[in-house]
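# Reading the structure
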Amino acid sequence: MSADLEYRLYAFTRDVLEWRGGAVDWPEDNPTGEAILPPDVARMLGTSELATLAHAPREGCLSPNLTTNFIERAGALFEGRPTVGHFQIPSLYLKKSPIPPLIDRVFTWHHVQVRLLQTGSAEAEYHSWFFQAAVHADDPWEDVLPVTLNAETQTFLPMPDLVYREDLQPAESSDSAPPDTYQTAAGQAAKLMGARSNEFVQRVQGRLAREQRRIRDYYGTLLRQTKARMQKSKTDKDIEKQKDLAQAIELELRRKLLELDQQYDLHGELQPILLARISMPTLFADYSIVRRKARRTLRIFWNPILKAIEPLGCHLCGESVFSVHFLDDALAPTCGDCLNSRT
């Protein structure tokens, strides 16, 4: 298990146990720690109220490790509880120079009229989704995948995990429904799962190819021997016997190959486990976009954590867009690939 994944599981464990009322004493650089847990939390985790925590799997310990069932056991802590958390980063440095020149340098607009309306600073909401990902074959691959979006623009941003920032503070929950970012986040998580599990998938497919080759070689040898005996047969009875044997070998070969396909069948699962709604100060610029008789206003953000202009998100595939097309009069930002696939 990588050091990065080990730290993320460590931080997840610490935060979840403290969220459910536990007291955790586990220094970051120690292999083990301790937690005092409320009785109901200890019961759901199947451990004592004074629990030992450890990175490596150890008997009698809570081990946040993908080789254990800790993630499944921790899932019980979310049952009957809100899976949405509300947070804020109250103060961040905002650059003093105007951002429209930066926007002009990074954005290209196609077949529309663009006019700057206003600039300013404002609170923006970001959605940090956490997905439990798994790819199952003869043995599983698992990970926890964070995906952060600008809730207004639906743009995926390569930001560090905001929930681990020291300046993150709880915020009062809003009565308003959050923007629906789940589909975009799930699409990005699926791409991330494909990239992170690629090495695992290649290993599984390599094992499958080797097993298929071994079985084909073995039964191929049997078939060649059977056909050789058939050619030497002196009676019709012997020939029929060898034909029946060859047919049985071919059927057994197909059965063995089918068993291998089932054994090494790859199927993935992606399950959302947490949404953190995080507000933070940003800079913005509003632009009027006009195409034929259609008109709308687009807001573009300067991100104080990335210290860069945020792209827009393609409304079809979710990819980041700086070279912006518009598919129709709805004036929804579209990337070039999606535009070409629709026209």
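Fair warning: this is a prediction, and the values are worked out from it, not measured in the lab.

### Points about the nonpolar core
- In terms of nonpolar packing, the biggest core is built from 40 residues, with Leu-17 and Leu-37 touching the most fellow members.
- Elements represented by at least two residues in this core include exactly α1 (3-19), α2 (39-45), β3 (50-54), α3 (70-75), β6 (113-136) and β10 (267-291).
- In terms of residue count, the dominant contributor to this core is α1 (seven residues).
- Apart from the residues lying within four places of it in its own chain, the contact partners of Leu-17 are Gly-22, Val-24, Ala-35, Leu-37, Val-41, Leu-45, Leu-53 and Leu-77.
- The next biggest cluster of nonpolar side chains, apart from the first, holds 26 residues, and it includes Val-147, Leu-149, Met-193 and Leu-208.

### Examining the environment of Ala-124
- Along the chain, Ala-124 falls in strand β6.
- Sequence separation between Ala-124 and Leu-283 is 159 residues, and the spatial gap between their C-alpha atoms is 9.0 Å.

### Description of the sheet that holds strand β2 (residues 32-36)
- Read from one edge to the other, the open sheet built from three strands follows the order β1-β2-β3, with strand pairing classed as antiparallel. Taken across any chain shown, the strands that pair with only one partner, and hence form the sheet edges, are β1 (23-25) and β3. Within this sheet the neighbouring strands show an average axis-to-axis angle of 25 degrees, counted without direction.

### Things to note about the packing of aromatic side chains
- As enumerated under the stated definition, the model contains ten aromatic pairs in all.
- Where Phe-107 meets Trp-109, the ring centres are 5.3 Å apart and the plane angle is 10 degrees; that geometry is what we call stacked.
- Each ring, one from Trp-129 and one from Phe-131, has its centre 6.0 Å from the other, and the planes form 25 degrees; the classification is stacked. Considered together, Trp-129 and Phe-131 belong to a single accessibility category, that of buried residues.
- Taken together, Tyr-7, Tyr-10, Trp-26 and Tyr-164 form an aromatic cluster joined through their ring pairs.
- Taking the ring centre of Phe-284 as reference, the NZ or CZ of Arg-299 above it sits at 3.7 Å.

### Overview of the side chain of Arg-8
- By the secondary structure assignment, Arg-8 is in helix α1.
- Not counting the four nearest positions on each side in its chain, Arg-8 is found in contact with Asp-143, Val-144, Leu-145, Pro-146, Asp-161, Tyr-164 and Arg-196.

### Here's the deal with the pattern of salt bridges
- This model, assessed by the stated rule, comprises twelve salt bridges.
- For Lys-191, the salt bridge identified is with Glu-319, shortest N-O distance 2.4 Å. Taken together, the residues span a long stretch of sequence, with Lys-191 in helix α5 (residues 182-196) and Glu-319 in the loop between β13 (312-313) and β14 (320-321) at a distance of 128 residues.
- The partly exposed category is assigned to Lys-191, whose relative accessible area is 38%.
- Classification of Glu-319 by relative accessible area gives partly exposed; the value is 36%.
- For Glu-252, the salt bridge identified is with Arg-255, shortest N-O distance 2.6 Å. You can see Glu-252 and its partner Arg-255 sitting in helix α7 (residues 236-263), three residues apart, about one turn around the helix.
- Note on Glu-252: relative accessible area 24%, which makes it partly exposed.
- Through salt bridges with shared partners, a single network forms among Arg-8, Asp-143 and Arg-196.

Thresholds applied
Residues numbered from 1 in each chain as written. Predicted model: local features only at pLDDT ≥ 70, side-chain atom pairs only at ≥ 80, totals over all residues. Heavy atoms only, no water. Core = buried A, V, L, I, M, F, W, Y, C linked by side-chain atoms within 4.5 Å. Buried < 20%, exposed > 50% of the residue type's maximum accessible area, 1.4 Å probe, protein only. Helix = DSSP H or I, 4+ residues; strand = E, 2+ residues; numbered from the N terminus. Contact = heavy atoms within 4.5 Å. Pairing = 2+ DSSP bridges. Axes fitted to C-alpha atoms, helices over the stretch in contact; angles between N-to-C directions. Phe/Tyr/Trp six-rings, centres within 6.5 Å; stacked < 30°, edge-to-face > 60°. Lys NZ or Arg CZ within 6 Å of the ring centre and 35° of its normal. Salt bridge = Lys/Arg side-chain N within 4 Å of Asp/Glu carboxyl O.

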